[in-house]
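Understanding the architecture of this molecule
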Protein chains: 2
Amino acid sequence: MARRSSADAIERATVRLFAKYGFVGVSIRDLAAEVGVSPAAIYNHTSSKEEMLWKIISRTMGDILGNAARAEAVSACPVAQLEVFMTNHVKYLAHHRGEARIGNTQWRHLTDERMQVVHDQRDQYARSLEAILSRGHSKGYFLQGSVKFASFSLVAMGLGVSQWFRSTGDHSAEEIAQIYVEFAMDLVRLDRDAHADSCPDLGHPGAEAATAPRPA
Amino acid sequence: MARRSSADAIERATVRLFAKYGFVGVSIRDLAAEVGVSPAAIYNHTSSKEEMLWKIISRTMGDILGNAARAEAVSACPVAQLEVFMTNHVKYLAHHRGEARIGNTQWRHLTDERMQVVHDQRDQYARSLEAILSRGHSKGYFLQGSVKFASFSLVAMGLGVSQWFRSTGDHSAEEIAQIYVEFAMDLVRLDRDAHADSCPDLGHPGAEAATAPRPA
DNA sequence: CCTACCGATCGGTAGG
DNA sequence: CCTACCGATCGGTAGG
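A quick note: this is a predicted structure, and the numbers were derived from the prediction, not measured.

**A closer look at the overall build of chain A**
Per the secondary structure count, chain A includes eleven helices and zero strands. Reading the helices (α) and strands (β) of chain A from amino to carboxyl end gives α-α-α-α-α-α-α-α-α-α-α. Relative to its full complement of 216 residues, chain A shows a buried share of 50%. In chain A, the share of contacts with a sequence separation of at least 24, taken over all contacts with a separation of at least 6, comes to 69%. Working note: accessible area of chain A is about 10,100 Å², and carbon and sulfur atoms make up 51% of it. Looking at chain A, you have 24 positive and 25 negative side-chain charges, and the mean spots of the two groups are 7 Å apart.

Here it is in structure tokens:
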């Protein structure tokens, strides 16, 4: 795992330390020591500490909003959309644990305008999942009517993954994502018969798993 | 809402500010200014800043472990235990939002031994929920076999509540707890027939809701 | 409960 | 990328 450049090494150390000790709990001197340069050298790669935080958070928010957009684009069927959304959600948070922690707990240390941007993006992410659940409920695929709370729950479940996931554990991120897709389908109360009867995109990815009778 | 004493006012301000800006992001001077005393006066009520953090976290962990113990004691039936566990979980986290945030994100700023205590308590909490799910699965009430991940998911869902809940919102904590109990029963795939057939504690609290056919 | 202060550390910069 | 340093702020204490 060769460090390609100081910029890279600094970015990686920043994510690791901000995630562990928080933005305020990490000094420029801590970062410099971790990378093996002088404190002043950090400022060759950034204009301020807050800029480092913003870089991490804005990239992360962009990533997950991209995942959400791809989930909505994958099919006209809310079942397929939910499956892809949840898969992306869990896999991203498992593979970007530090970024997830930072994005969720450290945005209060951004300047006011940036804090507002992040707040709006979080809102947009939750609302895009909520929209999937709403459409599925309208079509009669998802019997669960509390779409707002269901949406919050599914988002929170994924954030939980970012807290305990270890790539060295018994399950890969892929396997965990599959389990969480199953949890999601149960939580929204997928009606497999209703879905099989009127799916607008027959044969979409996961349609078989979503309509086949469940193993006892 | 009269402040009964400075000690009380300091404790409340500490929870509020630690939850919002983090342990390292709040200075003794911030706390003093919030309460309206001099910085030095804070030390009439505590021996150190870390002691203030420990007081909040240890009390909170004790509270939720007590909730978990009461859930296991309420009945011999895992369905009743899960219902009570989830109700307590959601209601406590809705009513102690600041403490929940602090307990979940600020324990890294405790001394090593205290950090270990909190780590063990978090483990114990998750394992007590996991034990309920395991017993329910063995008895054939809960069809979901991924009890570890289901347990993590239910804990994370509750932590989500502590992030967005407002007592001024459309739903009371009680109402939200009921919805989340429903989510939990769906996520573990409660088999209502199996439960009605062999519940070891017929007539336990919630048994009716847990066995009655679901409204369409 | 206060004023006044301790040494240490902070984010950031000057100058090379 | 470095050494050396700036003013500000930190947790905590002395002395009353």
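And the narrative resumes.
**Details of the protein's contact with DNA strand D**
The local shell around DNA strand D holds 15 residues, among which Ser6, Ser38 and Asn44 of chain A together with Arg29 and Lys49 of chain B are the closest. At 2.9 Å, a backbone N or O of Ile28 of chain B approaches a phosphate oxygen of DNA strand D. Between DNA strand D and the protein, one listed contact pairs a base nitrogen with a side-chain N or O atom of Arg29 of chain B at 2.8 Å. Only α3 (39-42) of chain A together with α2 (28-35) of chain B provide two or more residues apiece to the surface near DNA strand D. Here the surface near DNA strand D is built from residues that sort into seven nonpolar, five polar and three charged.

**Observations concerning the relation of the copies chain B and chain A**
Under the fitted operation, chain B is carried onto chain A by 0.0 Å of movement along the axis and a turn of 180°, and the coordinates agree to an RMSD of 0.0 Å. Here the copies are linked by what is in effect a two-fold axis.

**With respect to the interface of chain B and chain A**
Each side of the interface is counted separately: chain B has 31 residues, and chain A has 31 residues. When residues of chain B are sorted by the area they lose upon contact with chain A, Arg108, Phe149 and Arg189 of chain B head the list and together hold 22% of the total. There are four salt bridges connecting chain B and chain A. Taking the shortest distance from any N to any O, the salt bridge between Arg189 of chain A and Glu182 of chain B comes out at 2.9 Å. Applying the counting rule to chain B against chain A returns twelve residue pairs in polar contact (both at pLDDT 80 or more). The leading source of residues in the side of chain B that touches chain A is helix α7 (residues 147-164) of chain B, at nine residues. Considered class by class, the residues forming the side of chain B that touches chain A number 13 nonpolar, ten polar and eight charged.

**Observations regarding helix α5 (residues 78-95) of chain A**
Between its terminal C-alpha atoms α5 of chain A stretches 25 Å, which fits the 26 Å expected from 18 residues at 1.5 Å a residue. Of all 18 residues in α5 of chain A, 15 are buried, a share of seventy percent or more.

**Concerning empty space enclosed by the protein**
Scanning all chains against the criterion turns up one cavity of 30 Å³ or more. Only α1 (6-21) and α6 (97-105) of chain A together with α1 (6-21) and α5 (97-105) of chain B provide two or more residues apiece to the lining of the largest cavity. Per-class residue counts for the lining of the largest cavity are eleven nonpolar, ten polar and six charged.

**Quick look at the UniProt feature "DNA-binding region" (unreviewed entry) in chain A**
Per the UniProt record, "DNA-binding region" (unreviewed entry) is found at residues 27-46 of chain A. Span residues 27-46 of chain A is 60% helix and 0% strand, its end C-alpha atoms 14 Å apart.

**As for the pattern of salt bridges**
A pair can form between side chains of opposite charge whenever their charged atoms are brought close. All names here are of chain A. Here the structure, examined in full by the defined rule, presents 22 salt bridges over all chains. Across the pair Glu11 and Arg59 runs a salt bridge whose closest N-O atoms are separated by 2.4 Å. In this pair, Glu11 is assigned in helix α1 and Arg59 in helix α4 (residues 49-73), connecting sequence segments 48 residues apart. Among the residues examined, Glu11 registers a relative accessible area of 22% and is labelled partly exposed. Linked by salt bridges that have partners in common, Glu11, Lys55 and Arg59 make up one network.

**Considerations on the protein's contact with DNA strand C**
The local shell around DNA strand C holds 16 residues, among which Tyr43 and Lys49 of chain A together with Ser6, Ser38 and Asn44 of chain B are the closest. Atoms of DNA strand C within 4 Å of the protein belong to the sugar or the phosphate in 49% of instances, the rest to bases. In this structure, a phosphate oxygen belonging to DNA strand C sits 3.3 Å away from a main-chain N or O atom of Val26 of chain A. Between DNA strand C and the protein, one listed contact pairs a base nitrogen with a side-chain N or O atom of Arg29 of chain A at 2.8 Å. Per-class residue counts for the surface near DNA strand C are seven nonpolar, six polar and three charged.

**A short note on the side chain of Ser75 of chain B**
Mapped onto the elements, Ser75 of chain B comes out in the loop between α3 (49-73) and α4 (78-95). At a separation of 2.8 Å, a polar atom in the side chain of Ser75 of chain B contacts the main-chain amide nitrogen of Cys77 of chain B.

**Here's the deal with the packing of aromatic side chains**
With the rule as written, the count across this model stands at twelve aromatic pairs over all chains. The rings of Phe149 and Phe152 of chain A together with Trp164, Tyr180 and Phe183 of chain B are connected pair by pair, giving a single aromatic cluster. Across the ring face of Phe23 of chain A, the terminal group of Lys49 of chain A is positioned such that the distance to the ring centre comes to 4.5 Å.

The rules we used
- Residues numbered from 1 in each chain as written.
- Chains lettered and ligands numbered in written order.
- Predicted model: local features only at pLDDT ≥ 70, side-chain atom pairs only at ≥ 80, totals over all residues.
- Heavy atoms only, no water.
- Helix = DSSP H or I, 4+ residues; strand = E, 2+ residues; numbered from the N terminus.
- Buried < 20%, exposed > 50% of the residue type's maximum accessible area, 1.4 Å probe, protein only.
- Contact = heavy atoms within 4.5 Å.
- Areas by Shrake-Rupley, 256 points an atom, 1.4 Å probe, with all protein chains shown as cover.
- Lys, Arg positive; Asp, Glu negative; His and termini not counted.
- Charge placed at Lys NZ, Arg CZ, Asp CG, Glu CD.
- Near = heavy atom within 4 Å.
- Polar contact = N/O pair within 3.5 Å; in protein donor to acceptor, adjacent residues only side chain to side chain.
- Nonpolar A, V, L, I, M, F, W, Y, C, P; charged D, E, K, R; others polar.
- Least-squares fit on C-alpha atoms with pLDDT ≥ 70 in both.
- Buried area = accessible area lost by both parts, 1.4 Å probe.
- Salt bridge = Lys/Arg side-chain N within 4 Å of Asp/Glu carboxyl O.
- Expected span 1.5 Å × (residues − 1).
- 1 Å grid on protein atoms, 1.4 Å probe; cavity = no way out; pocket = protein on both sides within 12 Å on 5 of 7 lines; lining within 4 Å.
- Points joined across faces, edges and corners; volume = space filled by probe spheres on them.
- UniProt positions renumbered as here; feature names shortened; annotations may be inferred.
- Phe/Tyr/Trp six-rings, centres within 6.5 Å; stacked < 30°, edge-to-face > 60°.
- Lys NZ or Arg CZ within 6 Å of the ring centre and 35° of its normal.

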